[in-house]
Structure formats: structure tokens, C-alpha cells
Amino acid sequence: MSRIVYPCAACKIQRRKCGDKCVLAPYFAPNDPHKFFVVHKLFGARNIAKILRDIAVENREDAVTSVVYEASVRVNDPIYGCTGAICRLQKEVLDLQSQLATVQAELHNTQANLSSLLTGFCNSVGEENAVGVVHQSDPYSENGTTVDNLRVLQDDEDPFGLWAPL
């Protein structure tokens, strides 16, 4: 029984018989001829085969991926190709680093403001506790009179421990 062998995309586009020794067959499947067509248009089939023969077998897949990417980018940007894509990505990285620095500065300022507010609040609570009397307005009083609160915090007590979370 004879086995039907489909030519790889490279041999199919070039209209030649695909043999067992075809260097391009493992990398250009017959069901994806566009991939080879783009590479062939830019580099030529003979140059791609030569590149693959000169490279170690374990590195060929990466080389084909790189060549296909370069050819695809060159189709989209015929003047700059990969260089244009790299420059755009570098500019985007610089823009994102600038945005990150801005956000980190804002975060630092917010943390410093929060720290100073908490320090001021703790100092004011400490001064009131030193006196021993805290004046609070009575929420149930109609005329807003103050009530003396004689509860004094000890040094080892947490001033925020009296507040229940919402």
C-alpha cells in the first residue's frame, strides 16, 4: 500500500516534489502556506534553506520563528521593519516607566501625608489624655452641651482599640 505524502508549504509554492531530505518541511506545514509565502517573498526559499542548514537542529525552530516574525513585520512596515517595531516598544517602555515613577511619587506623598496626619492625631490624643479629661459633645443633647469623659488611657493601651470597625 502506498502512502500519500503531502508536500510542505515551501515545496507546494515552488511546485516541486517534497522529499525526505527537505530542510523546510518540518517548519512550514502544508496547511499554512501563507507563513512560507511571506518568508519566501522577503528572503527567498534558497536563502532560508541555507540558513537552516547552517544552524544546529535544536536552534532551527527558533530561527524559523524569528525569520517569520521579521518577514511579517516587514510586510506591515516595509521601511523600518523590525527596527520600527523595536523603537515603538522601547518608547512604550519609557512611557510606562515614566507613568510608574509618577504613580510611585504620588503613593509616597500620600503615605507621607497619612503618616503626618496619624502622628498629629496621636499627639492630640496624647495631650488630651495627659490632662485626663476629654470634652465631647453629647449627641443626645438638644443644646450641644459637653460631657466630661473621665476615661484615661494607660500608656500601654492602643488609642484605636476603643473604636470598633464598621
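Residues numbered from 1 in each chain as written. Predicted model: local features only at pLDDT ≥ 70, side-chain atom pairs only at ≥ 80, totals over all residues. Heavy atoms only, no water.

(A) Broad picture of the layout of surface pockets. The space that makes up the second largest pocket amounts to roughly 180 Å³. In terms of lining, the second largest pocket is formed by C11, Q14, R16, K17, K21, C22, V23, L24, A45, R46, A49 and R53. Contributions of two or more residues to the lining of the second largest pocket are made by α1 (9–14) and α3 (45–54). Among the elements that line the lining of the second largest pocket, the one with the most residues is α3, at four residues. In terms of residue class, the lining of the second largest pocket is built from six nonpolar, one polar and five charged. (1 Å grid on protein atoms, 1.4 Å probe; cavity = no way out; pocket = protein on both sides within 12 Å on 5 of 7 lines; lining within 4 Å. Points joined across faces, edges and corners; volume = space filled by probe spheres on them. Helix = DSSP H or I, 4+ residues; strand = E, 2+ residues; numbered from the N terminus. Nonpolar A, V, L, I, M, F, W, Y, C, P; charged D, E, K, R; others polar.)

(B) Looking closely at the nonpolar core. Formed by 21 residues in total, the largest nonpolar core has its most connected members in L24, F28, F36, V39, I48 and L52. For this core, the elements supplying multiple residues, two or more each, are α1, α2 (33–43), α3 and α4 (60–76). (Core = buried A, V, L, I, M, F, W, Y, C linked by side-chain atoms within 4.5 Å. Buried < 20%, exposed > 50% of the residue type's maximum accessible area, 1.4 Å probe, protein only.)

(C) A look at the side chain of R60. As for its position among the elements, R60 is in helix α4. For the buried R60, which has no salt bridge, the nearest side chain bearing the opposite charge is D54, at an N-O separation of 7.9 Å. One polar contact links the side chain of R60 to the main-chain carbonyl oxygen of L52, over a distance of 2.7 Å. Ignoring sequence-local partners within four residues, the contact set of R60 consists of V23, Y27, L52, R53 and I55. (Lys, Arg positive; Asp, Glu negative; His and termini not counted. Salt bridge = Lys/Arg side-chain N within 4 Å of Asp/Glu carboxyl O. Polar contact = N/O pair within 3.5 Å; in protein donor to acceptor, adjacent residues only side chain to side chain. Contact = heavy atoms within 4.5 Å.)

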